[in-house]
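Structure assessment
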Amino acid sequence: MGKKRKIVVIGGGASGMTAAIMAARNGAEVTILEQKDRLGKKILSTGNGKCNYTNANMDVSFFRGEDPSFVSSVLHKFSTEDTLTFFEKLGVLSKKRNGYYYPKSDQASAVLDVLCMEIKKLGIKVCCNTKVLSVQKKKDFLIKTSEGTYLADALILSTGGKASPVLGSDGSGYVLAKSFGHSMTPVVPALVQLHGKGTFFKMVSGVRADAQISLYVDGKCLASDTGELQLTNYGISGIPVFQISRYASFALYENKRPLAVIDFLPEYSTRSLTALLEKRRKENTAKTAEEFLIGIFNRKLIPVLLRASGIRSDLSLHEITKEAMEKLAVKCKTFEIEIIGTNSFEQAQICAGGVRTRELHPETMESQIVKDLYLTGELLDVDGICGGYNLQWAWSTGVIAGTAAACFERKERENR
Ligand SMILES: Cc1cc2nc3c(=O)[nH]c(=O)nc-3n(C[C@H](O)[C@H](O)[C@H](O)COP(=O)(O)OP(=O)(O)OC[C@H]3O[C@@H](n4cnc5c(N)ncnc54)[C@H](O)[C@@H]3O)c2cc1C
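These numbers were taken from a predicted model, which means no experiment stands behind them.

Brief notes about the state of the cysteines
Following the criterion strictly, the structure yields zero disulfides and no others. The cysteine Cys351 is free of any disulfide, with Cys386 supplying the nearest cysteine sulfur at 14 Å.

In structure tokens form, the structure reads like this:
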């Protein structure tokens with residue numbers, strides 16, 4: 001039997017660990033180079049410590065990026081079912097909440113633990129506290145790190161993007177990918193809080209409301225989501241905000257002025273809300289404008305909605321015109337916030353944009369520019385919405401790259 005081919009994986013995160021496991025299972029000698037003091041730090045923070053590792057509803061519509069057909073191909077090769085089976089075989093049983101899968105134990109550490117156990121079992125060499133500084137391909141790959149130089153026959157770049165750098169992904173992967181000639185789409189924070197223009201945020205900070213939020217850029221609605229909106233002292237947060245945030249980020253990057261339009265009562269049409277307000281007005285003539293909205297909206301929100309509608313909070317209901325009441329109904333359903341910024345990469349869960357997927361082969365994740373170079377995970381120009389999609393992307397691309405890197409090597413050997 002010939003000498004085992006050496007595969008180095010840069011980055012021991014979600015996609016790097018799966019790539020390493022699959023490469024080792026397929027006969028390669030694998031080394032993981034990880035700059036943090038341990039593997040998979042980010043996994044421990046996922047899903048609020050519970051790790052939402054995939055989703056029952058999985059298709060390309062939950063992902064964004066320049067090339068949807070690339071995403072389709074990857075998901076087709078390694079799907080939700082494959083992820084559940086992969087982890088079940090490693091020991092993690094799943095539990096499902098509204099289609100979101102978590103480990104049965106509700107502990108992200110379970111996912112990390114079983115990956116680490118498998119890495120150990122397969123004899124994969126793990127070098128932590130080892131930052132890769134530069135990579136070069138001559139005959140082999142020459143990998144310069146903070147701890148010395150490594151050689152490899154194949155290289156898998158699994159460095160992540162630059163969201164949450166405290167957990168390891170500091171953007172250095174982009175530099176490495178570019179050094180091989182890869183190009184990138186702009187990278188912006190995504191699944192992130194948004195900053196709004198206005199002086200009222202301090203008044204409503206802490207308010208939560210079930211609302212629909214839509215993001216408009218140049219008058220066009222680009223995204224919309226419904227769920228628990230959180231108002232903060234600088235803007236808006238919560239899952240529905242995260243879901244639309246990448247569009248706001250890109251608009252700001254292009255110096256555009258995104259507008260978030262909030263529907264505080266999505267279950268009512270403007271017409272039915274106007275009728276409801278009119279009915280309440282007739283039944284409560286002794287109340288002030290502010291008092292009459294108590295029971296519908298959070299108390300802190302009421303003065304803000306009234307002011308936006310041009311109604312003084314202390315006016316008696318009989319003093320409010322029919323037109324003003326109609327305007328109030330419209331404002332409750334289309335409350336506008338001009339978005340002036342996002343929180344930074346430090347607070348963002350992921351980044352949108354990255355290495356162009358059209359420069360890779362979707363069936364292997366191999367670079368079309370450099371032979372034997374593979375790229376995985378968040379480093380690429382693909383971002384998923386909240387719900388386990390980004391980890392699914394990491395597992396799928398990791399499995400495909402690791403398998404292909406090792407199987408390619410086996411094929412080559414057999415042909416020799
Ligand atoms: C707080 C938080 C919660 C999240 N929750 C979820 C969730 O519940 N579900 C979900 O699907 N997604 C979630 N995500 C997103 C998901 O965790 C990421 O998309 C996924 O981990 C990306 O995997 P990756 O392998 O591409 O990169 P990462 O997991 O970021 O791993 C990259 C690794 O490479 C290492 N590295 C980088 N550069 C170098 C270098 N030069 N030399 C050596 N090592 C290097 C880093 O230290 C890191 O360990 C969450 C993210 C965050 C921040």
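A look at the site of the ligand
Within the structure, the ligand sits among 34 residues, and Ser15, Glu34, Lys42, Glu378 and Leu391 are positioned closest to it. Note that an oxygen atom of the ligand is positioned 2.8 Å from one of the backbone N or O atoms of Gly47. Contact distances for the ligand include 3.4 Å between an oxygen atom and a backbone N or O atom of Gly388. Summarising the interface, the protein chains cover 95% of the accessible area of the ligand, which totals 1000 Å² for the free molecule. Mapped onto the shell around the ligand, the elements with two or more residues apiece are α1 (14-25), α2 (41-45) and α13 (389-415). Top element by residues in the shell around the ligand is α13. It accounts for four residues.

Some words on the sheet that holds strand β9 (residues 141-145)
Strand order in the open sheet formed by three strands is β8-β9-β10, and the pairing between neighbours is antiparallel. Each edge of the open sheet carries a strand with a single partner, namely β8 (132-137) and β10 (148-152). Direction aside, the axes of adjacent strands within the sheet are offset by 20° on average. Across five bridges, β8 lies against β9 in antiparallel orientation. Counted as the bridge partner of Val135 is Ile143 from β9.

Description of the pattern of salt bridges
Counted by the stated rule, this structure contains 22 salt bridges. With a shortest N-O distance of 2.8 Å, Arg97 and Asp106 are connected by a salt bridge. Using a relative accessible area of 32% as the deciding quantity, one classes Arg97 as partly exposed. Residues Asp170 and Lys131 are paired through a salt bridge, measuring 2.8 Å at the closest nitrogen-oxygen approach. Taken together, the positions of Asp170 in the loop between β11 (154-157) and α6 (172-179) and Lys131 in the loop between β7 (125-127) and β8 put the pair 39 residues apart, joining distant regions of the chain. Through salt bridges with shared partners, a single ionic network connects Arg5, Lys137, Lys371 and Asp372.

Some thoughts on the packing of aromatic side chains
A complete count under the given rule lists 12 aromatic pairs for this structure. Taking the centre distance of 5.4 Å and the plane angle of 75° together, the rings of Tyr53 and Phe87 count as edge-to-face. Placement of the pair is Tyr53 in the loop between α2 and β3 (54-55) and Phe87 in helix α4 (residues 80-90), with a sequence separation of 34 residues. Ring centres 4.3 Å apart and planes at 35° place the aromatic pair Phe200 and Phe201 in the tilted group. Each of the two residues, Phe200 as well as Phe201, counts as buried. An aromatic cluster of at least three residues, connected via ring pairs, comprises Tyr53, Phe78, Phe86, Phe87 and Trp395. A cation sits over an aromatic face here: Arg97 above Tyr102, 4.5 Å from the ring centre. Positioned over the ring face of Tyr247 is Arg246, at 5.1 Å from the centre of the ring.

Describing the environment of Leu277
Mapped onto the elements of the fold, Leu277 is located in helix α9 (residues 270-283). Separated by 15 residues in the primary sequence, Leu277 and Phe292 have C-alpha atoms spaced 8.8 Å apart. For Leu277, the residues in contact, after removing those within four places along its chain, are Phe292, Leu293, Ile296, Met325, Leu328 and Ala329.

Focus on the side chain of Glu118
Note on placement: Glu118 falls in helix α5 (residues 108-121). Overall, Glu118 belongs to the buried group, its relative accessible area being 8%.

Description of the pairing of strand β1 (residues 6-10)
β1 sits mainly inside the fold: four of its five residues count as buried. With five bridges joining them, β1 and strand β2 (residues 29-33) adopt parallel strand pairing. The residue bridging Lys6 from the neighbouring strand is Glu29, located in β2. A crossover connection joins β1 to the parallel β2 through α1; in handedness this β-α-β unit is right-handed.

Here is what the cut-offs are and how they apply
- Residues numbered from 1 in each chain as written.
- Predicted model: local features only at pLDDT ≥ 70, side-chain atom pairs only at ≥ 80, totals over all residues.
- Heavy atoms only, no water.
- Disulfide = S-S within 2.5 Å.
- Near = heavy atom within 4 Å.
- Polar contact = N/O pair within 3.5 Å; in protein donor to acceptor, adjacent residues only side chain to side chain.
- Areas by Shrake-Rupley, 256 points an atom, 1.4 Å probe, with all protein chains shown as cover.
- Helix = DSSP H or I, 4+ residues; strand = E, 2+ residues; numbered from the N terminus.
- Pairing = 2+ DSSP bridges.
- Axes fitted to C-alpha atoms, helices over the stretch in contact; angles between N-to-C directions.
- Salt bridge = Lys/Arg side-chain N within 4 Å of Asp/Glu carboxyl O.
- Buried < 20%, exposed > 50% of the residue type's maximum accessible area, 1.4 Å probe, protein only.
- Phe/Tyr/Trp six-rings, centres within 6.5 Å; stacked < 30°, edge-to-face > 60°.
- Lys NZ or Arg CZ within 6 Å of the ring centre and 35° of its normal.
- Contact = heavy atoms within 4.5 Å.
- Right-handed = clockwise from strand over helix to strand, strands pointing away.

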